[in-house]
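Architecture at a glance
Here is what each chain is made of, one letter per residue.
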Amino acid sequence: MFRDREGMIEQISDPSTIWDMIIIGGGATGLGVAVDAASRGFKTLLLEQSDFAKGTSSRSTKLVHGGVRYLAQGNIGLVTEALKERGILLNNAPHLVRNENFIIPNYSWLSGIFYSIGLSVYDLLAGKRSFGRSRLIPRSEVIRRIPNIRQKNLVSGVLYHDGQFDDARLAVCLALTAMEQGAIPLNYFRVTALTKEKNKINGLIAKDQETGISYTFRSKTVVNATGVFVDEVMVMDEPELRPMVQPSQGIHLVFAKSFLGPHDALMIPKTKDGRVLFAIPWHDRTLVGTTDTPLTAYQLEPRALEEEIKFILDTAAHYLTQIPTRKDVLSVFAGLRPLAAPQGDQQKTKEISRSHKLIVSASGLITITGGKWTTYRKMGEDTVNRAIGVGGFPNRLSVTQTLSLHGYKDSVDWADPLFVYGSDALNIKSMAKGNPAWKEILDSRLPYIGAEVVWATRYEMARTVEDVLARRLRALFLDARAAMDMAPAVANLMAIELKKDENWEKEQVVSFLSVAKNYILF
Ligand SMILES: Cc1cc2nc3c(=O)[nH]c(=O)nc-3n(C[C@H](O)[C@H](O)[C@H](O)COP(=O)(O)OP(=O)(O)OC[C@H]3O[C@@H](n4cnc5c(N)ncnc54)[C@H](O)[C@@H]3O)c2cc1C
């Protein structure tokens, strides 16, 4: 099915339509709500002001995990829930979740014992959805698995299992799943106001960011799933409201694969200042992060701070023998955690709860915030359960625990560069076969071919060069300079598909380069 934007807009612009639910925000949370609502048979519209996963949901550490750190904080409930969701996601989208080995290096006997016990509890909490047993491994095995590990004083390691995924690809997959279930997910539609009748929300106004046309939509329920932006929407409902979100920034640096090793991830449970640091193999690169920096302001395209870059480089240098430097950084990206604002002044952001919160205002606005990518499905289920009460809907049960996501495929060949597409990969390959120009690799530093650009534009709702290079392909996050070099070719392929002229192509390249330069270190 060609995902034709004009056709979708025509479908939604009938003013007599009354939706069961309109969801504001197309990140992990909003998309999870849309899949849950649509699969229960509710008439669902999702509006995203930019692209799907443009916000935090493309900027995570790419872990589907219970959270070893939360276990150390004693948050058993959160960890158990997330481990259950980890297992559900692996079952429903095996093409997007990989079972990964994580190695904790021990530089004292005591920490070996401590983490062995801790990770055994982690395994126990996962129950029948375990990804594999953790175990204490000898020093020699740590070195074999992570050849670049600092060997001085290394005693042993703990090997445990967790999930690893591609966040923006999962978001696209959820948008397509929601659509298959009957929802309409639209990107580049910004919600500007809520409408009310007798003090109850009965819809909203949203502006098509491409045409500038505003539409009024009527709906029985409205869900605010806008991440760090939730306060902006809540204020549309109650102008006097106190902010409930305090953003906390986390950044990642991306290096060549050789800085880690071929397969396994490294986990440093306690850095000098008490944080957790991961170094993870991701699409043939090494992803290192993250930080936890409280911010007072937020933006859609956040930027890494110098002190955060220094923290990651310094910490990596402490644990690796081949030390990564600024010039080795292929990409740097920042994301904002929508943490609930602290109650007391002394609370640190790393201690603020990561569990999700659901709030229903007096006028019926349903706000869902917090949580993690890993728990997006449960957040969707909980939100729709609440919406059933608010909208007076029939009590239909959630089906998402066993709902296969778009592209589901039993056996995954991780060596296939198109594995993230699951069952769609075959179609992309046959498209490439049919047109020799689309078979070409776009840049020798990355595996992407022209057919993927065409596919993203035709079938995955990509509207801009950035949509393709940042979130359909992950070029910007994997090698920002390569992505910049690919931009003209991508613009040209898209222009043909979208019937745009040369000016559009030029503007797209300029606009992409102005974003991409923030992913490069000088
Ligand atoms: C550094 C970092 C690392 C993380 N790592 C992990 C991890 O490894 N594993 C894990 O499980 N979780 C992780 N998380 C948490 C996870 O990424 C977030 O919980 C999740 O992405 C939040 O999704 P969201 O949909 O709530 O927010 P977002 O992804 O920010 O989506 C909100 C969307 O709302 C849109 N929006 C805002 N205002 C409007 C409007 N007026 N109209 C229309 N749309 C609007 C925005 O454009 C945005 O796309 C991490 C978070 C950070 C910051």
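Quick caveat: nothing in here was measured; it's all calculated off a predicted structure.

Reading the values: the criteria
Residues numbered from 1 in each chain as written. Predicted model: local features only at pLDDT ≥ 70, side-chain atom pairs only at ≥ 80, totals over all residues. Heavy atoms only, no water. Phe/Tyr/Trp six-rings, centres within 6.5 Å; stacked < 30°, edge-to-face > 60°. Helix = DSSP H or I, 4+ residues; strand = E, 2+ residues; numbered from the N terminus. Buried < 20%, exposed > 50% of the residue type's maximum accessible area, 1.4 Å probe, protein only. Patch = residues over 30% accessible without salt bridge, like charges linked within 9 Å, V, L, I, M, F, W, Y side chains within 5 Å. Areas by Shrake-Rupley, 256 points an atom, 1.4 Å probe, with all protein chains shown as cover. Salt bridge = Lys/Arg side-chain N within 4 Å of Asp/Glu carboxyl O. Expected span 1.5 Å × (residues − 1). Arc of directions from axis to C-beta. Near = heavy atom within 4 Å. Polar contact = N/O pair within 3.5 Å; in protein donor to acceptor, adjacent residues only side chain to side chain. Contact = heavy atoms within 4.5 Å. Core = buried A, V, L, I, M, F, W, Y, C linked by side-chain atoms within 4.5 Å. Pairing = 2+ DSSP bridges. Domains from an automatic or database assignment. Buried area = accessible area lost by both parts, 1.4 Å probe. Axes fitted to C-alpha atoms, helices over the stretch in contact; angles between N-to-C directions. Parallel < 35°, antiparallel > 145°, perpendicular 65-115°, else oblique. Left-handed = near helix turned anticlockwise from the far one by under 90°. Nonpolar A, V, L, I, M, F, W, Y, C, P; charged D, E, K, R; others polar.

1. Observations regarding the packing of aromatic side chains
For any pair of aromatic rings, geometry is given as the distance between the ring centres together with the angle between the planes. The final tally for this structure, using the stated rule, is 17 aromatic pairs. Between Phe229 and Tyr298, the ring centres sit 5.3 Å apart and the planes meet at 90°, which makes this aromatic pair edge-to-face. In this pair, Phe229 sits in the loop between strand E10 (214–224) and helix H8 (230–237) while Tyr298 sits in the loop between strand E15 (293–294) and helix H9 (306–319), placing the two residues 69 residues apart along the sequence. A relative accessible area of 15% means that Phe229 is categorised as buried. Between Phe333 and Phe477, the aromatic rings sit 4.8 Å apart at their centres with planes inclined by 65°, giving edge-to-face as the arrangement. In this pair, Phe333 sits in strand E16 (residues 331–340) while Phe477 sits in helix H15 (residues 475–478), placing the two residues 144 residues apart along the sequence.

2. Examining a nonpolar patch on the surface
There is a patch of nonpolar side chains on the surface, built from Ile113, Ile117 and Val121 and spanning about 260 Å² of accessible area. For Ile117, a relative accessible area of 53% puts it in the exposed group.

3. Some details on unusual backbone geometry
In this model, Gly289 is joined to Thr290 through a cis peptide bond whose omega is 20°. Phi at Lys62 takes a positive value of approximately 70°, unusual for a residue other than glycine. Mapped onto the secondary structure, Lys62 falls in the loop between strand E2 (44–47) and strand E3 (63–64). Phi is positive for Tyr188, which is not a glycine, with a value near 55°.

4. Section: the environment of Ala489
Note that Ala489 resides in helix H16 (residues 480–498). A relative accessible area of 35% places Ala489 in the partly exposed class.

5. Digging into helix H5 (residues 109–126)
The terminal C-alpha atoms of H5, which comprises 18 residues, lie 26 Å apart, in line with the 26 Å expected from a rise of 1.5 Å per residue. Those residues of H5 that sit buried are Ser111, Gly112, Tyr115, Ser116, Leu119, Tyr122, Asp123 and Ala126. Along H5, the residues classed as buried sweep out an arc of 130° about the axis, all on the same side. For H5, exposure combined with an orientation more than 90 degrees from the buried face picks out Leu110, Phe114, Ile117 and Leu124. Looking one or two residues beyond H5, the residue adopting positive phi is Gly127, at roughly 55°.

6. Points about the site of the ligand
Taken together, 36 residues are adjacent to the ligand, and Thr29, Glu48, Ser57, Leu63 and Thr374 come closest. In the environment of the ligand, a nitrogen atom lies 3.0 Å from a nitrogen or oxygen atom belonging to the backbone of Thr61. Taking Trp373, its main chain carries an N or O atom lying 3.1 Å from an oxygen atom of the ligand. Within the complex, the protein chains bury 97% of what would otherwise be the 1000 Å² of accessible surface of the ligand.

7. Description of the side chain of Thr369
Mapping Thr369 onto the fold places it in strand E18 (residues 365–369). Classification of Thr369 as buried rests on a relative accessible area of 4%. With residues near it in sequence (within four places) discarded, Thr369 still touches Gly227, Val230, Met244, Val245, Pro338, His356, Lys357 and Met379.

8. Overview of the nonpolar core
Core analysis: the largest hydrophobic core is formed by 124 residues, its most contacted members being Leu47, Leu204 and Phe217. Setting aside its immediate chain neighbours within four residues, Leu47 contacts Ile22, Ile23, Ile24, Gly25, Gly26, Leu186, Phe189, Val191, Leu204, Ala206 and Phe217.

9. Focus: the pairing of strand E8 (residues 189–197)
Alignment of E8 against strand E9 (residues 200–208), held across 8 bridges, turns out to be antiparallel. In the sheet register, Lys196 faces E9, and the bridge partner there is Ile201. Between E8 and E9, which pair antiparallel in sequence order, lie 2 residues; one of them, Lys198, sits at a positive phi of approximately 50°.

10. Here we look at the domain arrangement of the chain
Domain assignment breaks the chain into domain 1 (17–56 + 169–244 + 351–402), domain 2 (66–164 + 246–350) and domain 3 (419–519). Computed from C-alpha coordinates alone, the two centres of domain 1 and domain 3 are separated by 29 Å. In this assembly, 13 residues from domain 1 lie in contact with 12 residues from domain 3. Across the domain 1/domain 3 interface, buried area totals approximately 1200 Å², and carbon plus sulfur atoms make up 49% of it. Counting across the interface, domain 1 meets domain 3 through 5 salt bridges. Here Arg463 makes a salt bridge to Glu210, at a shortest N to O gap of 2.8 Å. At the junction of domain 1 with domain 3, the criterion picks out 8 residue pairs in polar contact (both at pLDDT 80 or more). Here the side of domain 1 that touches domain 3 gets 5 residues from one element, more than from any other, and that element is helix H7 (residues 167–180).

11. Section: the environment of Thr400
Within the secondary structure layout, Thr400 lies in the loop between helix H10 (376–391) and helix H11 (425–434). Measuring from C-alpha to C-alpha, the distance between Thr400 and Pro324 comes to 42 Å, with 76 residues separating the pair along the chain. With residues near it in sequence (within four places) discarded, Thr400 still touches Val35, Asp36, Ser39, Ile88, Asn92 and Arg377. In this structure the side chain of Thr400 is engaged in a polar contact, spanning 2.9 Å, whose partner is the side chain of Arg377.

12. Comments concerning the packing of helix H2 (residues 28–39) against H10
Contact geometry of H2 with H10 gives a least axis separation of 8 Å together with a crossing angle of 60°. Comparing their axes, H10 and H2 come out oblique. Here H2 runs over H10; the crossing is right-handed. Two secondary-structure elements touch here, H2 through Ala28, Thr29, Gly32, Val33, Asp36 and Ala37 and H10 through Tyr376, Met379, Gly380, Glu381, Thr383 and Val384. Classifying every residue of the contact of H2 with H10 by side-chain character gives 6 nonpolar, 4 polar and 2 charged.

13. Focus on the side chain of Thr221
Note on placement: Thr221 falls in strand E10. Accessibility expressed as a relative area gives 2% for Thr221, which makes it buried. Reaching out from Thr221, the side chain makes a polar contact with the backbone oxygen of Asp20 at a distance of 2.6 Å. In contact with Thr221, other than residues within four places in its own chain, are Asp20, Met21, Ile22, Ile366, Ala387, Val390, Gly391 and Phe393.

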